[in-house]
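# Architecture at a glance
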Amino acid sequence: DAGVTQSPTHLIKTRGQQVTLRCSPKSGHDTVSWYQQALGQGPQFIFQYYEEEERQRGNFPDRFSGHQFPNYSSELNVNALLLGDSALYLCASSPPRGLRGPDTQYFGPGTRLTVL
Amino acid sequence: QQQVKQSPQSLIVQKGGISIINCAYENTAFDYFPWYQQFPGKGPALLIAIRPDVSEKKEGRFTISFNKSAKQFSLHIMDSQPGDSATYFCAAPEPNNDMRFGAGTRLTVKP
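Scope of this entry: the structure provided in the associated data block. In this numbering scheme, every chain counts its residues from 1 along its sequence in written order. As a convention, the first chain written is A and the first ligand written is 1, with the rest following in written order. Thresholds applied to this predicted model are a pLDDT of at least 70 for local features of residues and 80 or more for the giving and counting of side-chain atom pairs; totals over whole chains, interfaces and linings are not thresholded and use all residues. Side-chain figures throughout are based on the complete set of non-hydrogen atoms in the structure, without hydrogens or water.

## Things to note about the sheet that holds strand β7 (residues 64-68) of chain A
Residue and element names in this part refer to chain A. Reading across the sheet, the four strands line up as β1-β3-β8-β7 and stay open at both edges, with antiparallel pairing between neighbours. Looking at the sheet topology across the chains shown, the edges are occupied by β1 (5-7) and β7. Going from strand to strand, the sheet's axes swing by 20 degrees on average, the running direction of each strand aside. Here, any two strands with at least 2 DSSP bridges between them count as paired. Elements are defined by DSSP. Helices are runs of H or I of four residues or more, strands are runs of E of two residues or more, and each kind is numbered from the N terminus. Across five bridges, strand β3 (residues 19-24) lies against strand β8 (residues 74-78) in antiparallel orientation. Of the residues in β8, the one forming a bridge with Cys-23 is Ser-74. Helix axes are fitted to C-alpha atoms over the stretch in contact, other axes to C-alpha atoms as well, and angles between N-to-C directions run from 0 to 180 degrees.

Put into C-alpha coordinates, the structure is as follows:
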(Lines give C-alpha, C1' and ligand atoms only; values in the text may rest on other atoms or scores of the structure.)
Protein backbone atom coordinates (compact mmCIF):
# COMPACT_ATOMS: atom_id res chain seq x y z
CA ASP A 1 0.00 0.00 0.00
CA ALA A 2 1.59 3.25 -1.16
CA GLY A 3 -0.33 5.36 1.32
CA VAL A 4 -1.36 8.87 0.36
CA THR A 5 0.61 10.18 -2.59
CA GLN A 6 0.88 13.73 -3.86
CA SER A 7 2.34 15.32 -6.95
CA PRO A 8 4.34 17.23 -7.75
CA THR A 9 6.79 17.32 -4.85
CA HIS A 10 7.86 20.88 -5.49
CA LEU A 11 6.48 23.64 -7.67
CA ILE A 12 7.57 27.18 -8.44
CA LYS A 13 5.10 29.68 -9.90
CA THR A 14 4.89 33.42 -10.32
CA ARG A 15 2.22 35.77 -9.01
CA GLY A 16 -1.01 35.66 -10.97
CA GLN A 17 -0.48 32.18 -12.32
CA GLN A 18 -2.68 29.18 -11.65
CA VAL A 19 -1.59 25.86 -10.16
CA THR A 20 -3.05 22.36 -9.86
CA LEU A 21 -1.92 19.92 -7.19
CA ARG A 22 -2.86 16.25 -7.18
CA CYS A 23 -3.55 13.67 -4.50
CA SER A 24 -4.19 9.93 -4.54
CA PRO A 25 -5.76 8.66 -1.32
CA LYS A 26 -4.74 5.60 0.60
CA SER A 27 -6.28 2.40 -0.75
CA GLY A 28 -9.81 1.94 0.58
CA HIS A 29 -10.25 5.61 1.49
CA ASP A 30 -12.99 7.70 -0.09
CA THR A 31 -12.63 11.11 1.60
CA VAL A 32 -9.91 13.63 0.85
CA SER A 33 -9.09 16.76 2.82
CA TRP A 34 -6.66 19.49 1.81
CA TYR A 35 -4.58 21.58 4.19
CA GLN A 36 -2.22 24.52 3.77
CA GLN A 37 0.83 24.60 6.02
CA ALA A 38 2.78 27.85 6.04
CA LEU A 39 6.38 27.73 7.20
CA GLY A 40 6.56 27.33 10.95
CA GLN A 41 2.79 26.92 11.34
CA GLY A 42 0.34 24.11 11.82
CA PRO A 43 -1.77 22.88 8.91
CA GLN A 44 -4.90 24.92 8.11
CA PHE A 45 -7.96 23.17 6.72
CA ILE A 46 -8.89 24.25 3.17
CA PHE A 47 -11.73 21.89 2.22
CA GLN A 48 -12.87 18.30 2.15
CA TYR A 49 -14.22 16.18 -0.71
CA TYR A 50 -16.49 13.20 -0.39
CA GLU A 51 -18.61 11.57 -3.12
CA GLU A 52 -17.08 13.98 -5.63
CA GLU A 53 -18.49 17.02 -3.85
CA GLU A 54 -17.03 19.67 -1.57
CA ARG A 55 -18.53 18.92 1.84
CA GLN A 56 -16.75 21.29 4.18
CA ARG A 57 -14.66 24.40 3.65
CA GLY A 58 -12.28 26.35 5.82
CA ASN A 59 -11.61 30.06 5.73
CA PHE A 60 -10.04 30.22 2.27
CA PRO A 61 -11.08 32.43 -0.67
CA ASP A 62 -12.76 31.17 -3.82
CA ARG A 63 -9.39 31.23 -5.58
CA PHE A 64 -8.96 27.85 -3.95
CA SER A 65 -11.07 25.19 -5.61
CA GLY A 66 -10.96 21.46 -5.94
CA HIS A 67 -12.28 18.38 -7.52
CA GLN A 68 -12.67 14.72 -6.65
CA PHE A 69 -12.73 12.05 -9.30
CA PRO A 70 -14.70 8.77 -9.33
CA ASN A 71 -11.54 6.90 -8.27
CA TYR A 72 -11.44 9.19 -5.16
CA SER A 73 -8.30 11.01 -6.24
CA SER A 74 -8.44 14.75 -5.90
CA GLU A 75 -7.05 17.99 -7.26
CA LEU A 76 -6.51 21.33 -5.58
CA ASN A 77 -6.54 24.36 -7.86
CA VAL A 78 -5.36 27.81 -6.88
CA ASN A 79 -5.98 30.75 -9.23
CA ALA A 80 -4.37 34.19 -9.31
CA LEU A 81 -1.51 33.11 -7.08
CA LEU A 82 -0.27 35.49 -4.41
CA LEU A 83 3.07 35.51 -2.65
CA GLY A 84 1.24 34.47 0.51
CA ASP A 85 0.11 31.25 -1.11
CA SER A 86 3.64 29.90 -0.76
CA ALA A 87 3.28 26.92 1.57
CA LEU A 88 3.29 23.16 1.91
CA TYR A 89 -0.02 21.79 0.68
CA LEU A 90 -1.03 18.59 2.41
CA CYS A 91 -3.60 16.05 1.38
CA ALA A 92 -5.15 13.71 3.95
CA SER A 93 -7.43 10.77 3.25
CA SER A 94 -9.96 8.97 5.44
CA PRO A 95 -11.78 5.63 5.10
CA PRO A 96 -15.55 5.32 4.51
CA ARG A 97 -17.49 6.93 7.32
CA GLY A 98 -18.93 3.68 8.65
CA LEU A 99 -15.40 2.44 9.25
CA ARG A 100 -14.04 5.69 10.62
CA GLY A 101 -12.35 5.70 13.96
CA PRO A 102 -10.42 8.38 15.76
CA ASP A 103 -7.07 7.92 14.06
CA THR A 104 -8.22 7.86 10.50
CA GLN A 105 -6.62 10.84 8.80
CA TYR A 106 -3.53 9.82 6.89
CA PHE A 107 -1.40 12.59 5.47
CA GLY A 108 0.64 12.61 2.30
CA PRO A 109 4.14 14.13 2.10
CA GLY A 110 2.81 17.37 0.66
CA THR A 111 3.58 19.62 -2.28
CA ARG A 112 5.89 22.56 -1.61
CA LEU A 113 4.57 25.55 -3.59
CA THR A 114 6.74 28.62 -3.97
CA VAL A 115 5.23 31.75 -5.51
CA LEU A 116 7.73 34.33 -6.76
CA GLN B 1 -9.58 31.71 15.06
CA GLN B 2 -7.03 29.67 16.99
CA GLN B 3 -8.98 26.98 18.81
CA VAL B 4 -5.93 24.98 19.87
CA LYS B 5 -3.04 26.85 21.52
CA GLN B 6 0.30 25.06 21.81
CA SER B 7 3.46 25.83 23.79
CA PRO B 8 6.39 26.14 23.76
CA GLN B 9 7.27 27.08 20.19
CA SER B 10 10.63 25.35 20.49
CA LEU B 11 12.23 23.01 22.97
CA ILE B 12 15.78 21.76 23.44
CA VAL B 13 16.31 18.67 25.58
CA GLN B 14 19.34 16.54 26.35
CA LYS B 15 19.33 12.90 25.35
CA GLY B 16 17.61 10.87 28.04
CA GLY B 17 15.64 13.83 29.33
CA ILE B 18 11.88 14.43 29.41
CA SER B 19 10.23 16.57 26.73
CA ILE B 20 6.93 18.21 27.67
CA ILE B 21 4.65 20.00 25.23
CA ASN B 22 1.38 21.62 26.25
CA CYS B 23 -1.87 22.42 24.50
CA ALA B 24 -4.99 24.30 25.52
CA TYR B 25 -8.28 24.13 23.68
CA GLU B 26 -11.39 26.30 23.64
CA ASN B 27 -14.11 24.21 22.04
CA THR B 28 -15.59 21.84 24.58
CA ALA B 29 -17.21 19.90 21.74
CA PHE B 30 -13.81 18.42 20.89
CA ASP B 31 -13.82 14.79 21.92
CA TYR B 32 -10.55 13.45 20.63
CA PHE B 33 -7.05 14.84 21.07
CA PRO B 34 -4.25 13.52 18.86
CA TRP B 35 -0.61 14.44 18.67
CA TYR B 36 1.14 14.44 15.32
CA GLN B 37 4.85 14.18 14.62
CA GLN B 38 6.28 15.79 11.51
CA PHE B 39 9.79 15.39 10.15
CA PRO B 40 11.18 17.84 7.57
CA GLY B 41 9.84 17.12 4.12
CA LYS B 42 7.15 14.76 5.41
CA GLY B 43 3.47 15.06 6.20
CA PRO B 44 2.24 14.83 9.81
CA ALA B 45 1.98 11.30 11.19
CA LEU B 46 -0.26 10.32 14.09
CA LEU B 47 1.82 9.65 17.20
CA ILE B 48 -0.67 9.09 20.01
CA ALA B 49 -4.22 10.18 20.83
CA ILE B 50 -6.57 10.35 23.80
CA ARG B 51 -10.30 10.71 24.44
CA PRO B 52 -11.49 12.96 27.29
CA ASP B 53 -12.95 10.10 29.29
CA VAL B 54 -9.45 9.13 30.47
CA SER B 55 -6.81 11.31 32.13
CA GLU B 56 -3.71 9.62 30.77
CA LYS B 57 -2.62 7.35 27.96
CA LYS B 58 0.82 5.83 27.57
CA GLU B 59 2.39 4.21 24.53
CA GLY B 60 6.00 3.30 24.98
CA ARG B 61 7.97 6.46 25.77
CA PHE B 62 5.05 8.72 24.83
CA THR B 63 2.35 9.77 27.31
CA ILE B 64 -0.63 12.09 26.94
CA SER B 65 -1.98 13.72 30.09
CA PHE B 66 -5.45 15.24 29.86
CA ASN B 67 -7.10 17.78 32.18
CA LYS B 68 -10.69 18.22 31.11
CA SER B 69 -11.59 20.89 33.69
CA ALA B 70 -8.64 23.05 32.62
CA LYS B 71 -9.17 22.23 28.93
CA GLN B 72 -5.53 21.30 28.59
CA PHE B 73 -3.59 18.29 27.42
CA SER B 74 0.11 17.60 27.19
CA LEU B 75 2.59 15.27 25.55
CA HIS B 76 5.44 13.81 27.58
CA ILE B 77 8.34 12.10 25.83
CA MET B 78 10.38 10.06 28.29
CA ASP B 79 14.03 9.17 27.67
CA SER B 80 14.12 11.58 24.71
CA GLN B 81 16.34 10.48 21.83
CA PRO B 82 17.95 12.43 18.97
CA GLY B 83 15.61 10.57 16.60
CA ASP B 84 12.68 12.26 18.36
CA SER B 85 13.84 15.61 16.98
CA ALA B 86 10.89 16.79 14.92
CA THR B 87 7.98 19.20 15.03
CA TYR B 88 5.05 18.10 17.17
CA PHE B 89 1.48 19.29 16.68
CA CYS B 90 -1.46 18.89 18.96
CA ALA B 91 -4.84 18.83 17.28
CA ALA B 92 -8.55 18.37 17.79
CA PRO B 93 -11.11 17.32 15.19
CA GLU B 94 -14.18 19.20 14.10
CA PRO B 95 -17.35 17.09 13.79
CA ASN B 96 -16.59 16.53 10.11
CA ASN B 97 -13.35 14.83 11.20
CA ASP B 98 -11.04 17.62 10.03
CA MET B 99 -8.28 18.56 12.34
CA ARG B 100 -7.67 21.91 14.07
CA PHE B 101 -3.92 22.04 14.62
CA GLY B 102 -1.79 23.91 17.12
CA ALA B 103 1.06 26.04 15.80
CA GLY B 104 3.63 23.34 16.51
CA THR B 105 6.64 22.77 18.77
CA ARG B 106 10.06 22.20 17.28
CA LEU B 107 11.83 19.67 19.49
CA THR B 108 15.59 19.26 19.36
CA VAL B 109 17.16 16.44 21.36
CA LYS B 110 20.88 16.93 21.81
CA PRO B 111 23.13 13.86 21.98
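The discussion continues.
## Some thoughts on the state of the cysteines
All names here are of chain A. Disulfides are defined as cysteine sulfur pairs within 2.5 Å. By the definition in use, this model includes two disulfides over all chains. Residue pairing for Cys-23: its cysteine sulfur links by disulfide to Cys-91, the two sulfurs lying 1.8 Å apart. Since a negative S-S torsion denotes a left-handed disulfide, the Cys-23-Cys-91 link at about -55 degrees is left-handed. One end of the pair, Cys-23, is in strand β3; the other, Cys-91, is in strand β9 (residues 87-94), with 68 residues separating them in the sequence. Note on accessibility: Cys-23 and Cys-91 belong to one class, buried. For each residue, the accessible area found with a 1.4 Å probe, counting protein chains only, is set against the maximum for its type, and the residue is called buried under 20%, exposed over 50%, and partly exposed in between.

## Observations concerning the interface of chain B and chain A
On the side of chain A, 21 residues touch chain B, which itself brings 17 residues to the contact. Once two parts are joined, some of their accessible surface, as seen by a 1.4 Å probe, is lost; buried area is that loss totalled over both. When chain B packs against chain A, the two sides together hide about 1500 Å² of surface, and 50% of this comes from carbon and sulfur. Any Lys or Arg side-chain nitrogen located within 4 Å of an Asp or Glu carboxyl oxygen qualifies as a salt bridge. Counting the contacts that link chain B with chain A gives zero salt bridges. Two N or O atoms form a polar contact when they lie within 3.5 Å of each other; inside protein one atom must be a possible hydrogen donor and the other a possible acceptor, and for residues adjacent in sequence the pair counts only when both atoms belong to side chains. The interface formed by chain B and chain A includes one residue pair in polar contact (both at pLDDT 80 or more). Among the elements of the structure, β4 (33-38) and β10 (99-101) of chain B are those that each provide at least two residues to the side of chain B that touches chain A. Just so you know the grouping, Ala, Val, Leu, Ile, Met, Phe, Trp, Tyr, Cys and Pro go in nonpolar, Asp, Glu, Lys and Arg go in charged, and all remaining residues, Gly too, go in polar. Considering only residue class, the side of chain B that touches chain A consists of eight nonpolar, six polar and three charged. Between two residues, a contact is recorded if the distance between any of their heavy atoms is within 4.5 Å.

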